[in-house]
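Structural features, examined
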Amino acid sequence: MKTLFWNENKLYLLDQRKLPHETSYVICADHRAVAAAIRNMVVRGAPAIGVAAAYGMALAAMQNRSSSIAGLLAVLQSAGNELTKTRPTAVNLRWAIEQMLAKAKQYSAESVAVITTQLISEAETIAAEDIKINRSIGAHGAALIDDGARILTLCNAGALATAGYGTALGVIFAAHAKGHKVSVFACETRPYLQGARLTTWELSQAGVPVTLIVDNAAGLLFQRKMIDMVIVGADRIVANGDVANKIGTYPLSVLAAEHGVPFYVAAPLSTFDLTLSSREEIPIEERSSREITHIAEVKITGDEISVYNPSFDLTPAEKISAIITEQGIIHRPDRGKIAELFAK
Ligand code: MRU
């Protein structure tokens, strides 16, 4: 089951809102449909929304009616702005759009048709590269996982959150493929339930033993020494190694530190934002109160209650044992080590 694919000049997105009960695709024929699909969570997960946005830019080029290069570049800029606004925390979105704009500018001495063709092929490259990168993250990260490891994860950082294979789950898939008998505790991930709906589905399909827990059971599992390590993904990693990821990540990092359990973050280099110095500068997406007041379509609260629904939280670098990237593992991440990685 592919998270997304390009077919006959349209982008097909697996509708993650309907999983695991129904597998159907939303077909996007223009960048506005892609922006809506990202905003509405048809596609989610930092790398996946980056790849979807890249295809959105290719669609914007195909829909462009201006015959001048300047006109096309203006259309792309405006489509890029629209796509970037859909989800503010995951920086992969901005990264992919910048890649696409740079590609368009690189061919600005050519024709509108050449730029459009180049943009379609660039989106295909970004998608294919994402899978390769995830396999490489998996290969590096698997070295950290002992046979028999019991791993705690949150949200979904699997194939569904990327073009394929996954980051945090990619590491688990790689350890499993090596023959290690790993097992996973998946936090349900209130309020959107990515863990309950998506991570349990993905791991079960891959034959990795998975047990679902409510988010607030994590503390007891640590006390009972049922967790050997935590592995999560990331939506943005800033210059000092602080990480934004799904709401609930930070408390897990505090629990892991308290109980002397390693806390790993798996993410591609496109998730790093070196323009920001520390976590305070990361924008946190706030989502609709309905995600909390309702479960599926059923209202569980009284009327007119006040709700605060931040979708991500911030984990300080000091709480992170290592960040696993496609270039290798950064143990005890800090500003110097991250600068060194990007200087290569
Ligand atoms: O709101 P979501 O489902 O897009 O949040 C996803 C996460 O927080 C993931 O952990 C992160 O994007 C990394 S996915 C490889």
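All values reported here derive from a predicted model rather than from experimental measurement.

The rules behind the values
- Residues numbered from 1 in each chain as written.
- Predicted model: local features only at pLDDT ≥ 70, side-chain atom pairs only at ≥ 80, totals over all residues.
- Heavy atoms only, no water.
- Phe/Tyr/Trp six-rings, centres within 6.5 Å; stacked < 30°, edge-to-face > 60°.
- Buried < 20%, exposed > 50% of the residue type's maximum accessible area, 1.4 Å probe, protein only.
- Lys NZ or Arg CZ within 6 Å of the ring centre and 35° of its normal.
- Near = heavy atom within 4 Å.
- Polar contact = N/O pair within 3.5 Å; in protein donor to acceptor, adjacent residues only side chain to side chain.
- Areas by Shrake-Rupley, 256 points an atom, 1.4 Å probe, with all protein chains shown as cover.
- Helix = DSSP H or I, 4+ residues; strand = E, 2+ residues; numbered from the N terminus.
- Nonpolar A, V, L, I, M, F, W, Y, C, P; charged D, E, K, R; others polar.
- Domains from an automatic or database assignment.
- Lys, Arg positive; Asp, Glu negative; His and termini not counted.
- Salt bridge = Lys/Arg side-chain N within 4 Å of Asp/Glu carboxyl O.
- Contact = heavy atoms within 4.5 Å.
- Pairing = 2+ DSSP bridges.
- Axes fitted to C-alpha atoms, helices over the stretch in contact; angles between N-to-C directions.
- Core = buried A, V, L, I, M, F, W, Y, C linked by side-chain atoms within 4.5 Å.
- Expected span 1.5 Å × (residues − 1).
- Left-handed = near helix turned anticlockwise from the far one by under 90°.
- pLDDT = per-residue confidence, 0-100.

Taken as a whole and judged by the stated rule, the model has five aromatic pairs. Summarising the aromatic geometry, the rings of Tyr165 and Phe173 are spaced 5.9 Å apart at their centres and angled 55 degrees between planes, so their arrangement reads as tilted. Phe173 carries the same exposure label as Tyr165, and that label is buried. In this arrangement the basic side chain of Arg135 is found over the ring face of Tyr165, its NZ or CZ atom lying 4.2 Å from the centre.

Before going further, it helps to spend a moment on the site of the ligand. Taken together, 18 residues surround the ligand, and among them Arg44, Arg87, Gln194, Asn245 and Lys246 come closest. Between the ligand and the protein, one listed contact pairs an oxygen atom with a side-chain N or O atom of Asp235 at 2.8 Å. Within the side chain of Asn245, an N or O atom sits 2.6 Å from an oxygen atom of the ligand. When the ligand sits alone it has 420 Å² of accessible area, and the protein chains cover 99% of it. Counting residues per element, the ones that place at least two in the shell around the ligand are helix 2 (46–63) and strand 9 (243–246). In terms of residue class, the shell around the ligand is built from eight nonpolar, six polar and four charged. Built from parts of two domains, the shell around the ligand gets at least three residues from each of domain 1 (4–135) and domain 2 (144–343).

Now for the side chain of Asp130. Mapped onto the secondary structure, Asp130 falls in helix 5 (residues 112–142). Here Asp130 occupies a buried position and makes no salt bridge, while the nearest side chain of opposite charge, Arg135, is found at 11 Å. Asp130 has contacts with Pro47, Val51, Thr162, Ala163 and Gly164, leaving out every residue within four places of it along the chain.

With that settled, consider the sheet that holds strand 11 (residues 272–273). Sheet strands associate in pairs through backbone hydrogen bonding, adopting either a parallel or an antiparallel arrangement. Spatially, 11-8-9-14 is the arrangement adopted by the four strands of the open sheet, whose pairing is mixed. The sheet is open, and its two borders are formed by strand 11 and strand 14 (312–315), each paired with just one other strand. In this sheet, strand 14 lies alongside strand 9 in antiparallel orientation, the contact comprising four bridges. By the bridge assignment for strand 14, Ala244 is matched with Leu314.

Take the sheet that holds strand 2 (residues 10–14) next. Spatial ordering of the open sheet is given by 1-2-3, a layout of three strands whose pairing is antiparallel. Only two strands of the sheet have a single partner each, and these edge strands are strand 1 (4–7) and strand 3 (25–28). Shown here is a sheet whose adjacent strand axes are inclined to one another by a mean of 25 degrees, direction ignored. Against the sheet, helix 2 engages strand 1, strand 2 and strand 3, with an angle of about 20 degrees to strand 1.

Formed by 43 residues in total, the largest nonpolar core has its most connected members in Leu11, Leu13, Ile38 and Leu76. If you list the elements that add at least two residues to this core, you get strand 1, strand 2, helix 1 (31–39), helix 2, helix 3 (69–84), helix 4 (92–106) and helix 5. Broken down by element, the residue count for this core peaks at 13 residues, all from helix 2. Among all residues touching Leu11, those that are not within four sequence positions of it are Leu4, Phe5, Trp6, Val26, Ile27, Cys28, Val34, Ala52, Tyr55 and Leu59. By size, the runner-up hydrophobic cluster in this structure holds 28 residues, among which are Cys187, Val232, Phe272 and Ile338.

With that settled, the discussion passes to the environment of Leu314. Secondary-structure assignment places Leu314 in strand 14. With a relative accessible area of 22%, Leu314 lands in the partly exposed category. With sequence-adjacent residues up to four places away left out, Leu314 is seen in contact with Val243, Ala244, Tyr250, Arg279, Ile282 and Ile284.

Quick look at helix 2 now. Over its 18 residues, helix 2 runs 26 Å from end to end, which matches the ideal 26 Å to within 8%, given 1.5 Å per residue. Counted residue by residue, helix 2 has 16 buried out of 18 residues, so it is predominantly covered.

A separate point is the pattern of salt bridges. Oppositely charged side chains can pair when the atoms bearing their charge come close. Evaluation of the coordinates by the stated rule reveals 15 salt bridges. Between Asp273 and Arg236 there is a salt bridge, with its nearest N and O atoms 2.7 Å apart. A residue pair is termed long-range when its members are at least 10 positions apart, and Asp273 in strand 11 and Arg236 in strand 8 (residues 236–238) qualify at 37 residues. We note that Asp273, like Arg236, is buried. Among the ionic contacts, a cluster of salt bridges with common partners joins Arg87, Glu285, Arg287 and Glu291.

At their nearest, the axes of helix 4 and helix 5 sit 9 Å apart, and the two run at 145 degrees to each other. The hand of the helix 4/helix 5 crossing is right-handed. Each of Trp95, Ala96, Gln99, Met100, Lys103 and Ala104 in helix 4 lies in contact with helix 5, whose residues at this interface are Ile115, Gln118, Leu119, Glu122, Ala123 and Ile126. Of the residues contributing to the contact of helix 4 with helix 5, the split by class is eight nonpolar, two polar and two charged.

It is worth spelling out the confidence of the model for the protein chain at this point. Averaged over the protein chain, the pLDDT score is 97; the fraction of residues at 70 or greater is 100%. At the level of individual helices and strands, the protein chain shows its lowest average pLDDT in strand 12 (residues 294–295), which scores 94, and its highest in strand 10 (residues 263–266), which scores 99.

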